[in-house]
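# Summary of the model geometry
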Amino acid sequence: MKAVYPGSFDPVTYGHIDIIKRAADCVDELIIGVLVNNEKKPLFSREERVEMLEQITSDIKNVTVKTFDGLTVDFARENGAGLLIRGLRAVTDFEYEMQIAQTNRSIEPAVDTMFFVTSLEYSYLSSTIVKEVARYGSDVSKMVPPVVARALKERF
């Protein structure tokens, strides 16, 4: 089974890593799909996000990192993945993610979605919160890996 875990990962947090590790244990191959959304201005470039993710996941043998734009379900199909991995932090995430999963299934019935509930210690984390905390010079070491914390410090 091949799966795609899509996201902007701007920046990658310990919550993302929690999902990556758990999903990698459930599938033969996990592709982390770094979304390039031309509507948004990310803090880190596509190349920086890929590099950070590759460093962070280098010890997980069945994980690769790729970038994409467009529909996630198309990216999954192009990579031969039959499963999309999505993380849920709260009930409010579920409603939105359910809609997306149903839409994806209607576009490509061969691609299904598996939800992972974020571990409790990371349930408050989001990339947006991490960037806000880092912007004001506070310590983000409990939220992101050292490589990301250094990059945030340099950026701000």
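This structure is a prediction, so every number in the text was calculated from the model and none was measured. (Residues numbered from 1 in each chain as written. Predicted model: local features only at pLDDT ≥ 70, side-chain atom pairs only at ≥ 80, totals over all residues. Heavy atoms only, no water.)

Successive side chains on a regular strand alternate, one facing one side of the sheet and the next facing the other. Of all 6 residues in strand β1 (residues 2-7), 5 are buried; the element is thus mostly enclosed. As defined by bridge partners, β1 adjoins strand β2 (residues 29-35) across 6 bridges and the pair is classed as parallel. In the sheet register, Pro6 faces β2, and the bridge partner there is Gly33. Once you follow β1 into helix α1 (residues 14-24) and on to β2, the crossover reads as right-handed. Bridging between β1 and strand β4 (residues 83-88) involves 2 bridges; their strand directions are parallel. Bridging from a neighbouring strand, Ala3 pairs with Leu83 of β4. (Buried < 20%, exposed > 50% of the residue type's maximum accessible area, 1.4 Å probe, protein only. Helix = DSSP H or I, 4+ residues; strand = E, 2+ residues; numbered from the N terminus. Pairing = 2+ DSSP bridges. Right-handed = clockwise from strand over helix to strand, strands pointing away.)

Bringing the nonpolar core into the picture now. Counting residues in each nonpolar core, the largest one holds 36 residues, and the members touching the most others are Ile20, Leu30, Leu53, Ile85, Val148 and Leu152. For this core, the leading source of residues is α1, giving 5 residues. The contacts of Ile85, once residues within four sequence positions are left out, are Ala3, Val4, Tyr5, Pro6, Ile19, Ala23, Leu30, Met114 and Phe116. (Core = buried A, V, L, I, M, F, W, Y, C linked by side-chain atoms within 4.5 Å. Contact = heavy atoms within 4.5 Å.)

The tally for this structure, following the rule as stated, stands at 10 salt bridges. Across the pair Asp74 and Arg77 runs a salt bridge whose closest N-O atoms are separated by 3.2 Å. Taken as a pair, Asp74 and Arg77 lie in helix α3 (residues 72-78) at a separation of 3 residues, close to a single helical turn. The exposure class of Arg77 is partly exposed, given its relative accessible area of 41%. Where Glu132 meets Arg135, a salt bridge forms, and the shortest distance between an N and an O atom there is 3.2 Å. Here the residue Glu132 and the residue Arg135 both occupy positions in helix α5 (residues 127-135), the gap between them amounting to 3 residues, near one helical turn. Overall, Glu132 belongs to the partly exposed group, its relative accessible area being 37%. For Arg135, a relative accessible area of 44% gives the class partly exposed. By sharing partners, the salt bridges in this structure join Asp74, Arg77 and Glu108 into a single network. (Salt bridge = Lys/Arg side-chain N within 4 Å of Asp/Glu carboxyl O.)

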